[in-house]
Amino acid sequence: MKRVPVALSIALVAALGLGGCSMFHQRMPAPVAPAAPVAAPAAAPAVETIPFRTGVSSATVEKMAKQQGCTGGMGAGLITQPGPVEVYRMRCEDGKVFMARCELRQCGKM
């Protein structure tokens with residue numbers, strides 16, 4: 001028995017496998033023309049701002065921020081609804097933002 005080179009046998013198997021699939025299907029439909037481009041909105045939507053609110057753990061988050069070198073601003077503000085899990089944000093003097101997540105008054109840096 002004569003051995004067939006590996007590359008030839010792989011090519012043969014691929015051709016038979018792909019060719020066999022086409023006999024079960026109909027011709028492919030013609031491609032559809034692309035839709036007209038959609039115009040971008042004229043004005044960008046306004047940025048949503050969150051009013052500053054203190055929370056139960058604001059003082060704790062401010063202490064954590066101070067340990068990380070974040071001072072200044074209005075302090076730590078609550079950005080989620082009050083509840084068992086709260087997220088606080090504090091803007092630092094250097095422009096960075098310190099965020100912390102508190103769950104049942106146990107806070108950790110985010």
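Conventions adopted
Residues numbered from 1 in each chain as written. Predicted model: local features only at pLDDT ≥ 70, side-chain atom pairs only at ≥ 80, totals over all residues. Heavy atoms only, no water. Pairing = 2+ DSSP bridges. Helix = DSSP H or I, 4+ residues; strand = E, 2+ residues; numbered from the N terminus. Salt bridge = Lys/Arg side-chain N within 4 Å of Asp/Glu carboxyl O. Buried < 20%, exposed > 50% of the residue type's maximum accessible area, 1.4 Å probe, protein only. Arc of directions from axis to C-beta. Contact = heavy atoms within 4.5 Å.

The protein chain has the name Lipoprotein in an unreviewed UniProt entry, where Telluria antibiotica is given as its organism.

Attention now moves to the pairing of strand E2 (residues 85–91). Inspection of the sheet shows strand E1 (residues 77–78) paired to E2 by 2 bridges, in the antiparallel sense. Note on E2: the bridge partner recorded for Gly 77 is Arg 89. Here E1 folds back onto E2, and the loop between the two strands holds 6 residues. In this antiparallel pair of consecutive strands, E2 and strand E3 (residues 97–103), the connection spans 5 residues, and Gly 95 shows a positive phi of 95°.

Here we come to the sheet that holds E1. Read across the open sheet, the 4 strands follow the order E1-E2-E3-E4; overall the sheet is antiparallel. Because the sheet does not close on itself, it has two edges, and the strands there are E1 and strand E4 (106–109).

What follows covers the pattern of salt bridges. Tallied over the entire structure, the rule returns 1 salt bridge. Arg 101 serves as the salt-bridge partner of Glu 103, at 3.3 Å between the closest nitrogen and oxygen.

On to helix H2 (residues 58–67). Within the span of H2, buried status applies to Ser 58, Val 61, Met 64 and Ala 65. Mapping the buried residues of H2 onto a view down its axis gives an arc of 120°, with all of them on the same face. Every exposed residue of H2 that faces more than 90 degrees away from the buried side is listed here: Lys 63, Lys 66 and Gln 67. Close packing links the buried residues of H2 with E2, E3 and E4.

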